Amino acid sequence: MNFNNLLLEKSEGIALLTISRPEKLNALNKQTIEELSAALDMLREDPSVRLLVITGSGEKAFVAGADISEFADFNPSQGKALAAEGQQKLFDKVARFSKPVIAAINGFALGGGLELAMAAHVRVASENAKMGLPELSLGLIPGYGGTQRLAELIGKGRAFEWLFSAGMWSAQDALSYGLVNHVVPQNELIDTARSLAKKFMKNSSMAMSATIQAVNAGYEDGVNGYTIEVNLFGQLFGTPEFKEGTEAFLQKRKPDFNR
Ligand code: COA
């Protein structure tokens, strides 16, 4: 598959997706969203990939938001369709991806950029990263899940402050709020994401996939997370990875889930 605005590199079970529109600070235009969506569909089915890292090209920006030039003259129904399509094609797809997704935030993560990072399961940021949801300064609110996911991640009161002030926060602020899991120097960012990935990949992929479904279930309307957990727990007893994990424990060896 050929991409114009994405770079894809696969090694040791990790797919590194780099959003690459450096001249526009990697802003998410329609084409980039389509390409990310197609890449996710492809990587979901790729057995050589067990985990995804998403980052931005260059040293300045992860993603500086949705591409403002594409929606500046939209009417309400076009605006609604923009948000609905984006959520369905990209943001929900990331959040529900069957393999862990780590966002490596290498600079500005604003608006749609922070929404993308928040849809990922784990976030690491470089020391120079700046994060915020500036939509209210444009007369909008976030439309790619930002109002929901920011409140889930940092709590309602802090989320309201971030939203109302439309400001930018440092990586250290984001760390202290629990929005990102780690902050590291920029030249260590991808290695940090990779070493987290390797740590995760020592464990069962099937159980990681079930974990994503179970945790997400707690945030979905009309779904009982505890019931979903019970069902997924039961299903895992029928998997070869459960057999390998328990046999390895009883035989006093390390499990090998890559067989
Ligand atoms: N949409 C479209 N283009 C964007 C963009 C966005 N969200 N963010 C940056 N760009 C473009 C700029 O228009 C500029 O293009 P140009 O060179 O053709 O004029 C280029 O990227 C570089 O950005 P610039 O603003 O010159 O860089 P800067 O270092 O002065 O400022 C930011 C960096 C991130 C502070 C600034 O670009 C910005 O505020 N971007 C918009 C952030 C935003 O509101 N995002 C939410 C959208 S919903």
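Reading the values: rules and limits
Residues numbered from 1 in each chain as written. Predicted model: local features only at pLDDT ≥ 70, side-chain atom pairs only at ≥ 80, totals over all residues. Heavy atoms only, no water. Pairing = 2+ DSSP bridges. Helix = DSSP H or I, 4+ residues; strand = E, 2+ residues; numbered from the N terminus. Contact = heavy atoms within 4.5 Å. Axes fitted to C-alpha atoms, helices over the stretch in contact; angles between N-to-C directions. Phe/Tyr/Trp six-rings, centres within 6.5 Å; stacked < 30°, edge-to-face > 60°. Buried < 20%, exposed > 50% of the residue type's maximum accessible area, 1.4 Å probe, protein only. Lys NZ or Arg CZ within 6 Å of the ring centre and 35° of its normal. Domains from an automatic or database assignment. Buried area = accessible area lost by both parts, 1.4 Å probe.

J.: Even after reading the chapter, I still don't get the sheet that holds strand S6 (residues 108-110), so can you show me in this structure?
T.: Adjacent strands of a sheet pair through backbone hydrogen bonds, lying either parallel or antiparallel. Read across the sheet, 4 strands follow the order S4-S6-S8-S9 without closing on themselves; strand pairing throughout is mixed. The open sheet is flanked by strand S4 (61-63) and strand S9 (169-170), the only strands paired with a single partner. Strand direction decides the pairing type here: strand S8 (residues 130-132) and S9, joined by 2 bridges, are antiparallel. Pairing of methionine 131 across the sheet is with tryptophan 169, part of S9. On top of the sheet, helix H4 (residues 112-119) reaches S4, S6 and S8; it is set at about 90° to S6, its chief contact.

J.: When you look at the packing of aromatic side chains in this model, what are you seeing that I'm missing?
T.: Two measures describe an aromatic ring pair: the distance that separates the ring centres and the angle between the ring planes. A complete count under the given rule lists 6 aromatic pairs for this structure. Here tryptophan 162 and tryptophan 169 contribute two aromatic rings whose centre-to-centre distance is 4.4 Å and whose plane-to-plane angle is 5°, an arrangement assigned as stacked. Geometrically, the ring pair formed by tryptophan 162 and tyrosine 177 is tilted, given 6.0 Å between the ring centres and 40° between the ring planes. Of this pair, tryptophan 162 sits in helix H6 (residues 156-165) while tyrosine 177 sits in the loop between helix H7 (171-176) and strand S10 (182-184), placing them 15 residues apart in sequence. Judged by relative accessible area, which is 0%, tryptophan 162 ranks as buried. Ring-pair connections join several aromatic residues into one group, and the members of that group are Trp162, Trp169 and Tyr177. The side chain of arginine 158 reaches across the aromatic face of tyrosine 177, ending 4.1 Å from its centre.

J.: Just to check I follow, could you spell out the domain arrangement of the protein for this structure?
T.: Accessible area lost when the parts come together is the quantity often used to give the size of an interface. Domain assignment breaks the protein into domain 1 (6-200) and domain 2 (205-250). Using C-alpha coordinates to define each centre, domain 1 is positioned 26 Å away from domain 2. Of the residues lining the interface, 10 residues belong to domain 1; the matching set on domain 2 comes to 7 residues. For the pair domain 1 and domain 2, the summed buried area comes to about 700 Å², and 54% of that belongs to carbon and sulfur atoms. Three residues, Arg50, Ser98 and Glu152, lead the burial of domain 1 against domain 2; their summed loss comes to 47% of the area buried on that side.

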